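Now for the letters of each chain:
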Amino acid sequence: MGLNEKPLSTLHEKSSYNLDDFEVPTGREEQWRFTPLSRLKGLHNGTAAASGHVIVDVDAAPEVTVETVGRDDARVGKAYVPADRVSAQAYNSFEKATVITVPREVVTSKETVITLTGSGDGAAYGHIVIKVEPMAEAIVVLDHKGSAVYADNVEFVVGDGARLKVVSLQDWAADAVHVSHHHAQLAKDATFSSFVVTLGGDLVRLSPSVSYTGPGGDADMSGVYFVDAKQHLEHRLLVDHSEPNCKSNVDYRGALQGEEAHAVWIGDVIIRVAAEGTDTYELNRNLILTDGARADSVPNLEILTGEVAGAGHASTSGRLDDEHLFYLQARGIPFDEARRLVIRGFLGQLIEKIEVESIRERVMSAVEAELAR
Amino acid sequence: MSTLEIRDLKVAVEDKEILRGVNLTVKSGETHAIMGPNGSGKSTLAYAIAGHPKYTITGGQVLLDGVDLLELTVDERARAGLFLAMQYPVEVPGVSVSNFLRSAVTAIRGEAPKLREFAKDLKGGMDALAIDAAFAQRNLNEGFSGGEKKRHEILQLELLKPKIAVLDETDSGLDVDALRVVSEGINRFRESGETGVLLITHYTRILRYVKPDFVHVFAAGKIVEEGGPELADKLEAEGYEAYTKAAV
């Protein structure tokens with residue numbers, strides 16, 4: 001398949017399976033201007049040979065099928081076409097893909113946990129397809145850990161009336177580099193919710209995107225990140241409304257502390273001509289806890305139809321509110337604890353939405369550990 | 001037996017002098033009303049004593065049982081026994097009322113309260129102030145009406161049992177029913193006779209429910225007249241006009 005360069009939107013210019021359709025980024029491109037390319041370990045310029053390993057281990061619900069397939073499997077690359085250089089590199093470099101299928105009308109009895117563990121021995125590329133057939137329901141957890149230089153693409157194919165909930169934890173070791181695309185394709189009346197938690201790694205650039213193939217789709221995308229000194233954690237969201245009467249809601253919140261802690265959030269929403277009755281909102285909030293930390297937050301909304309039900313976005317980045325701290329301290333609560341209460345509250349409001357109790361508790365205790373630093 | 005002693009307190013906000021030498025002593029068992037027109041510095045007095053970062057102390061002392069509060073951090077002042085009921089309590093997203101109250105009680109008492117006991121105290125306090133039980137799970141002050149915020153301030157007063165309570169216009173914005181409920185809470189708090197109250201108000205209305213022992217008139221950053229409860233009656237009849245003119 002060749003270059004797909006529909007000039008429909010300035011927010012999403014092209015996609016292709018062919019690596020040569022993407023120039024090696026220089027850092028001046030809109031898509032790459034926030035990412036420190038020198039820390040990508042060559043994932044962006046073809047020099048990162050696939051000499052390393054990220055072990056994929058699946059603890060599946062009994063109702064689902066798990067397969068490891070070759071590059072030529074017909075189900076791979078169906079829902080998503082790579083949208084940037086690293087994504088195309090990953091698509092052209094992975095050896096085996098993991099395909100998980102939730103059969104039609106099946107409601108899984110427990111979550112399916114995919115653990116991806118980096119072995120710290122060079123670059124690796126991956127591909128995962130999660131296919132939820134019509135009317136089926138499933139919860140999937142992607143748990144990234146260990147040390148890795150890893151680029152991958154994950155396709156979520158959500159069938160008619162199906163429901164998929166995904167939690168993706170980026171709990172990498174401190175030296176990890178991870179560039180990833182998560183694409184969800186929603187059929188008629190499909191419901192998709194994604195909860196992204198990014199804590200670890202030297203550089204993580206995660207691009208969750210959503211497209212619709214029928215009306216009535218509903219996507220809810222939440223994210224929590226905690227950026228420490230020298231970390232670069234970047235989330236780039238794209239919701240492409242091309243079908244009528246679909247919904248999307250994006251809420252990403254992060255806290256940053258330490259010198260050169262850098263968070264980037266890009267939230268792109270396109271509402272195409274056909275997407276009448278779209279209801280969308282996107283929000284990003286950053287809490288900057290110390291000097292030397294930096295948050296770049298860019299919401300973009302491109303509306304090509306006049307008939308929307310709702311479309312809005314908001315972005316705030318700021319310090320802890322002195323009035324909040326004063327109120328808590330005036331009740332005897334010491335400064336450090338008051339600060340923790342406020343930050344925990346800020347992130348906790350989102351974390352409460354994670355339905356899998358063990359994961360919710362793990363995320364909460366990971367945030368506690370960050371706060372104790 | 002506790003004593004709050006304010007000695008020649010001078011306070012500025014952004015280089016503008018607001019308090020120009022306030023002297024006042026509040027002892028356990030006493031209720032002092034500070035009355036004055038808007039902009040006279042009443043709230044500045046309250047926030048400066050509590051240690052709000054916006055206010056700069058330019059002179060004087062505030063002693064609680066001999067300890068200079070001005071040398072302490074905001075939370076240390078509260079743990080020393082000072083409480084400020086705020087006129088505009090802030091909303092703190094994501095922090096539940098019950099979590100906040102438990103943290104505050106733990107900090108003030110120096111140890112975590114027994115869970116069952118705390119639940120009982122909380123329920124009793126909320127019932128007495130006609131606060132719905134569901135409040136405990138709501139976010140701190142978020143979406144509370146004006147009256148709900150004030151009742152919640154008095155709930156804290158009753159749970160934290162400070163030595164000296166400063167109530168900053170707790171009566172403002174309350175309808176008569178809410179005013180009665182809040183006043184009853186303040187009176188329960190005063191009952192023991194072991195606490196002192198400094199009640200800041202613009203109106204005499206609350207003084208019908210919470211009887212003061214002393215009334216101080218505040219104008220242009222200092223106390224300009226002092227007396228007993230009868231002074232409130234005089235203010236009710238004559239207003240502040242005489243003081244605002246005199247102070248200029």
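Residues numbered from 1 in each chain as written. Chains lettered and ligands numbered in written order. Predicted model: local features only at pLDDT ≥ 70, side-chain atom pairs only at ≥ 80, totals over all residues. Heavy atoms only, no water.

With that settled, the discussion passes to the pattern of salt bridges. All names here are of chain A. Counting across every chain of the model gives 33 salt bridges over all chains. With a shortest N-O distance of 3.2 Å, Arg39 and Asp202 are connected by a salt bridge. Taken as a pair, Arg39 in the segment before strand S1 (54–59) and Asp202 in the loop between strand S8 (191–198) and strand S9 (203–212) lie far apart in primary sequence, 163 residues in all. On the basis of relative accessible area, Arg39 is assigned to the partly exposed category, the value being 26%. The exposure class of Asp202 is partly exposed, given its relative accessible area of 21%. Among the ionic pairs, Arg319 bridges to Asp291, the shortest N-O distance being 2.7 Å. Taken as a pair, Arg319 in the loop between strand S16 (308–318) and helix H2 (322–329) and Asp291 in the loop between strand S14 (278–288) and strand S15 (294–303) lie far apart in primary sequence, 28 residues in all. The exposure class assigned to Asp291 is exposed, which follows from its relative accessible area of 56%. Among the charged side chains, a salt-bridge network with shared partners connects Asp84, Arg205, Glu234 and Arg236. (Salt bridge = Lys/Arg side-chain N within 4 Å of Asp/Glu carboxyl O. Helix = DSSP H or I, 4+ residues; strand = E, 2+ residues; numbered from the N terminus. Buried < 20%, exposed > 50% of the residue type's maximum accessible area, 1.4 Å probe, protein only.)

A common measure of how large an interface is: the accessible area buried when the components associate. Across the boundary between the two partners, chain A contributes 18 residues, which contact 34 residues of chain B. The junction of chain A with chain B conceals about 2000 Å² of combined surface from both sides, 67% of it contributed by carbon and sulfur atoms. Together, Phe326, Tyr327 and Arg331 of chain A form the three largest contributors to the area buried by chain A at its contact with chain B, with a combined 40%. At the boundary of chain A and chain B, one finds one salt bridge. (Contact = heavy atoms within 4.5 Å. Buried area = accessible area lost by both parts, 1.4 Å probe.)

Moving on: helix H1 (residues 42–50) of chain B. All names here are of chain B. Most of H1 sits out of view: eight of its nine residues are buried. Taken together, the buried positions of H1 are occupied by Lys42, Thr44, Leu45, Ala46, Tyr47, Ala48, Ile49 and Ala50. Positive phi shows up at Gly51, right after H1, with a value of about 100°.

A separate point is the domain arrangement of chain A. Residue and element names in this part refer to chain A. According to the domain assignment, chain A contains domain 1 (19–319) and domain 2 (322–373). Computed over C-alpha atoms, the centres of domain 1 and domain 2 are 26 Å apart. Ionic pairing is found between Arg362 and Asp171, a salt bridge with its closest N-O pair at 3.2 Å. At the junction of domain 1 and domain 2, the tally comes to nine residue pairs in polar contact (both at pLDDT 80 or more). (Domains from an automatic or database assignment. Polar contact = N/O pair within 3.5 Å; in protein donor to acceptor, adjacent residues only side chain to side chain.)

Taken residue by residue, a regular strand's side chains alternate between the two faces of the sheet. All names here are of chain A. Of all ten residues that make up strand S10 (residues 218–227), eight are buried, and the element is covered over most of its length. As judged from the eight bridges shared by S8 and S10, these two strands associate in the parallel manner. Directly across from Ser194, in S10, lies its bridge partner Met221. Where S10 and strand S12 (residues 247–256) come together, ten bridges link them in parallel fashion. Among the inter-strand pairings, Phe226 is bridged to a residue of S12, identified as Ala255. (Pairing = 2+ DSSP bridges.)

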